[in-house]
Amino acid sequence: MEFVKAKTILARVKDGSDWYGVDYNMNLYRGCCHGCIYCDSRSNCYRIENFDVPRGKENELEILEAELKKRKDKGVVGIGSMSDTYNPFERQYEITRGALKLLLKYGFGVAIDTKSDLILRDLDLLKEINRRNNVIIKFTVTTPHDELSRIIEPHVSTSSERLAAIRTLTDNGIFAGIMMNPVLPFITDRKEDIRELVRLAHESGARFIHTYMGVTLRENQRDYYYEKLDELFPGLKEKYMGQYGNRYFCSPPGSKALYELFVRECDKYGIQHEMPDIIRAYKKNIEEYSQLSLF
Ligand code: SF4
């Protein structure tokens, strides 16, 4: 794996508490090889050249340690918003594992976005961090069907493997759930699939599901997505072009009714789906733990 130069690793998040209660952000890899056809991180605005080849950053754990040492606010550090931190190179290089050890050492919480069950390798560290601070694991799951997940997210764990990973995490007291994002019009927006995904989430012990019920498309990312539609779902690109033109946010037809269905299903199983409730639930969790530990 190649390594690129980096001056900083940790970034303070402005108004971060609105989005999963995250106070800091870091991406330990640049680029991602999981190949999701809808990936927003490949957009030109992020300026990640050669996006499909993940690269590490030179001396990143040393830089991160110096940054963590200086921070007085031991908030929650988000990992993986721009590139999945559990890519295949992580098995060998253990950069994410090294970063988790540092978060534990300096008393920070963690919020991880991933689609890979490689995260279970680090269960020991997540449990330790969870004893002292807030932990939330967000698995993106877009479809209940493994065959479809293999088509639209080809190089990462299937939906059922992700759901099994959620089961293991929640069985170990880790607050884990699902980001049902994006919802791809005409591909993953069938009522019965949304219903089934919420049911599977319940079965796997997911503590939350969040969705914005649509997909964002812009500039070169849209071009890439449309190329993939031509290859994998012939005729669908034309349908998108007719329906959405150059629109940035594309919601499936009947999205209001779909969202209402989603909410009803979540409520039926008692799964959190509103962002403020999700944040309250996972942070409160830890307060309860620390109170328990006083006794
Ligand atoms: S795992 Fe995330 S960052 Fe990687 S290709 Fe898929 S959507 Fe993009």
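Provided above is the structure to which this section pertains.
Keep in mind it's a predicted model, so treat the numbers as computed, not measured.

Peer 1: For this particular structure, what's the right way to read the site of the ligand?
Peer 2: Around the ligand sit Cys32, His34, Gly35, Cys36, Cys39, Ser41, Ser83, Asp84, Lys115 and Val156, and those are all the residues in its vicinity. Residues of the shell around the ligand, tallied by class, amount to four nonpolar, four polar and two charged.

Peer 1: Quick question: what am I supposed to make of the nonpolar core here?
Peer 2: Soluble globular proteins: nonpolar side chains tend toward being buried together. Judged by nonpolar contacts, the single largest core of 65 residues is most densely connected at Val77, Val110, Val135, Ile137, Ala176 and Ile209. In this view, Ile209 contacts Gly177, Ile178, Met180, Val198, Ala201, Cys266, Ile271 and His273; residues no more than four positions away in its chain are not counted.

Peer 1: Can you help me understand helix H4 (residues 123-132) in this one?
Peer 2: Residue pairs three or four apart in sequence face the same way in an α-helix, which turns once every 3.6 residues. Among the residues of H4, those classed as buried are Leu126, Ile129 and Asn130. With its buried residues spanning 105° around the axis, H4 presents them on a single face. Against the buried residues of H4 lie helix H3 (95-106), strand S6 (109-114) and strand S7 (135-140).

Peer 1: Would you mind going over the pairing of strand S8 (residues 175-179) with me for this structure?
Peer 2: Regular strands place their side chains on alternate faces of the sheet. Most of S8 sits inside the fold, with four of its five residues counted as buried. Two elements, S7 and S8, share five bridges in a ladder whose sense is parallel. For Phe139, the partnering residue across the bridge sits in S8 and is Ile178. Two strands pair when backbone bridges link them, and S8 and strand S9 (residues 209-210) are joined in this way by two bridges, in the parallel orientation. Residue pairing across strands places Ile178 opposite Ile209, the latter belonging to S9. Once you follow S8 into helix H7 (residues 191-203) and on to S9, the crossover reads as right-handed.

Cut-offs and rules
Residues numbered from 1 in each chain as written. Predicted model: local features only at pLDDT ≥ 70, side-chain atom pairs only at ≥ 80, totals over all residues. Near = placed C-beta within 6 Å. Nonpolar A, V, L, I, M, F, W, Y, C, P; charged D, E, K, R; others polar. Core = buried A, V, L, I, M, F, W, Y, C linked by C-beta atoms within 7 Å. Buried ≥ 20, exposed ≤ 12 C-beta atoms within 10 Å, placed from the backbone. Contact = placed C-beta atoms within 7 Å. Helix = DSSP H or I, 4+ residues; strand = E, 2+ residues; numbered from the N terminus. Arc of directions from axis to C-beta. Pairing = 2+ DSSP bridges. Right-handed = clockwise from strand over helix to strand, strands pointing away.

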